[in-house]
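Architecture at a glance
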Amino acid sequence: RTMAIRIIQSRRISAAYALASIFSHSLSSTPFTTGFATRYPHHCISSFSSLSTSLLLQVQISPLTSSSSSSPSSPSLHPTKNKLCRSLPPSALRMSTTTSSSTTKSTLTVAQVPCLDDNYGYLIHDPETGHTAAVDTPDANAYETELKNRGWTLTHIFNTHHHWDHTGGNLQLKENSKVEIYGPASENIPGRDVALNGGDEVTSFGSGDTPVQIIDVGGHTNGHIAYYFPKDGLVFCGDALFALGCGKMFEGTPSQFWDSLKRLRALPEDTVVYCAHEYTQSNAKFAMSVEPGNSKLVSRVAEITSKRQSGEPTVPSLLSVEKETNPFLRVDVSDEIQKNVGALSSDSYDVVFGKVRKAKDNFRG
């Protein structure tokens, strides 16, 4: 499987020169990139002599959509002033990831679209069929701009759960294009055409030879689902699993949420995890508070700090890295986490998970 990341910087041509130094400084020995090097040793970055990673980076200059909005105080409300994509600083990066498999001719392109204050929307394009799917719809205008710039036509919307910052653009996008909306069966999804439950498959996207698999990841909301592309090794998990974190438990139970995270954790280790928010720095502070003795976590936090200082996204991530560093995937393997959240020896792992989640809710670091 070949992974190529095209990073598009906004506005300033001089950013291309800055990118070269950023990559040579921060990508050579990070957990994310070294993970790729282990899995894909036949690809490397030849543009920067000091790098031995397996990522092929293509840099081009392109303007970003720029407007303004503020973050909502509640996920259940949809302030109309938040419809437009926020204005990003000159250092902000829009990243698209192209993945393909060495055993198939199929290639998917994933365009990552920063929206609102900290959301990521995704457009998944299959060049063989021309299908393009939006994973959640935080900002219809930002998507329409991206679709126009790339010459893609939207055909599918894959909603992960009902919160407004994941469904707010559904109706506008459906009105302006012939699109089918997919979403969890048990939740109120605007404009939904196809109701999905865990264990279902979507065969209408792409060639259909390898269906998109639906995973039940309830906990953040009761009906939350994830979209897994097994052939390409990609999972779009909304607010269920974050880089170094997981979503707040608004509706579910600890037992339900822990079972959901175990289902995600059971995917192949080289699965690329696309979550819906840039929360990683905040999550890193909490992770360090409960597992400071994890050397791999310490290294990852340094990488995250460097990336955010350079305006780079920390998403996507590799599942193998999450399993090594994300405290919400480690409640049953880390004595240090269990001790630091006050878990008892008699506690079941779902109870321990609940204590870790509560500790994060109360964390003020």
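Parameters at a glance
- Numbering of residues starts from 1 in each chain and follows the order in which that chain's sequence is written.
- In view of the model being predicted, local features appear only for residues whose pLDDT reaches at least 70, and side-chain atom pairs are presented and counted only at 80 or more, with totals across whole chains, interfaces and linings using the full set of residues.
- Based on all heavy atoms of the structure, the side-chain values leave hydrogens and waters out of the count.
- Only protein chains enter the accessibility calculation, which uses a 1.4 Å probe. A residue is then buried if its area is under 20% of the maximum for its type, exposed if over 50%, and partly exposed in between.
- Helix and strand definitions follow DSSP, with helices as H or I runs of at least four residues and strands as E runs of at least two, each counted in order from the N terminus.
- Strand pairing is defined by DSSP finding a minimum of two bridges between the two strands.
- Here a crossover is taken to be right-handed if, once the strands point away from the viewer, the path from the first strand over the helix to the second is traced clockwise.
- Joining through side-chain atoms within 4.5 Å is the link that ties buried Ala, Val, Leu, Ile, Met, Phe, Trp, Tyr and Cys residues into a set, and such a set is a nonpolar core.
- The contact criterion used throughout is that any non-hydrogen atoms of two residues lie within 4.5 Å.
- Axis angles are defined between N-to-C directions and span 0 to 180 degrees, where every axis is a line fitted to C-alpha atoms and, for a helix, only to the segment in contact.
- Should an angle fall under 35 degrees it is taken as roughly parallel, and over 145 as roughly antiparallel, whereas 65 to 115 is taken as roughly perpendicular and any remaining angle as oblique.
- Each crossing is labelled by how the near helix is turned from the far one, with a counterclockwise turn of less than a right angle marking it left-handed and a clockwise turn marking it right-handed.
- Two N or O atoms form a polar contact when they lie within 3.5 Å of each other; inside protein one atom must be a possible hydrogen donor and the other a possible acceptor, and for residues adjacent in sequence the pair counts only when both atoms belong to side chains.

Side chains Thr132 and Ala134 project from strand β6 (residues 132–135) onto one buried face, and the interleaved Ala133 and Val135 project onto a second face that is buried too. With four bridges connecting them, strand β5 (residues 119–125) and β6 associate as antiparallel partners. Among the inter-strand pairings, histidine 125 is bridged to a residue of β6, identified as threonine 132. The hairpin formed by β5 and β6 contains six residues between the paired strands, and glycine 130 there has a positive phi angle of roughly 85 degrees. As defined by bridge partners, β6 adjoins strand β7 (residues 156–158) across three bridges and the pair is classed as parallel. Note on β7: the bridge partner recorded for alanine 133 is histidine 156. Running through helix α3 (residues 140–150), the crossover from β6 to the neighbouring parallel element β7 is right-handed.

All right, on to the sheet that holds strand β10 (residues 201–202) then. One open sheet holds the six strands; their spatial order is β10-β11-β12-β13-β16-β17, and the pairing between them is mixed. Since the sheet does not close on itself, it has two edges, and those belong to β10 and β17 (317–318), each with one partner. For strand β13 (residues 234–238) and strand β16 (residues 272–275), the ladder comprises four bridges, and the chain directions are parallel. Considered in β16, the bridge of leucine 234 is made with valine 272.

We now examine the nonpolar core. Taken as a class, soluble globular proteins show a tendency for nonpolar side chains to be buried jointly. Within the largest apolar cluster, 52 residues are counted, with the highest numbers of intra-cluster contacts made by Tyr227, Phe229, Phe236, Leu261 and Leu264. For this core, the leading source of residues is strand β12 (residues 225–229), giving five residues. The contact partners of phenylalanine 236, leaving out residues within four places of it in the chain, are Val110, Tyr122, Ile124, Val135, Thr160, Ala226, Tyr227, Phe229 and Tyr274. In this structure, Ala142, Leu147, Trp152 and Ile157 belong to the second largest nonpolar core, which totals 18 residues.

Moving on, we come to the packing of helix α7 (residues 280–290) against helix α11 (residues 349–362). α11 packs onto α7 with a crossing angle of 120 degrees between their chain directions and a minimal axis gap of 11 Å. The angle between α7 and α11 places the two elements in the oblique class. Between α7 and α11 lies a crossing whose hand is right-handed. Contact with α7, carried on its side by Ser282, Asn283 and Phe286, involves Val356, Ala359 and Lys360 of α11 and no other residues of that element.

Here we come to the side chain of threonine 160. Positionally, threonine 160 belongs in the loop between β7 and α4 (164–167). Of the polar contacts made by the side chain of threonine 160, one reaches the side chain of histidine 161; its length is 2.9 Å. Not counting chain neighbours up to four residues away, the residues in contact with threonine 160 comprise Val135, Asp136, His166, Pro184, Gly223, His224, Ile225, Tyr227, Phe236 and Gly238.

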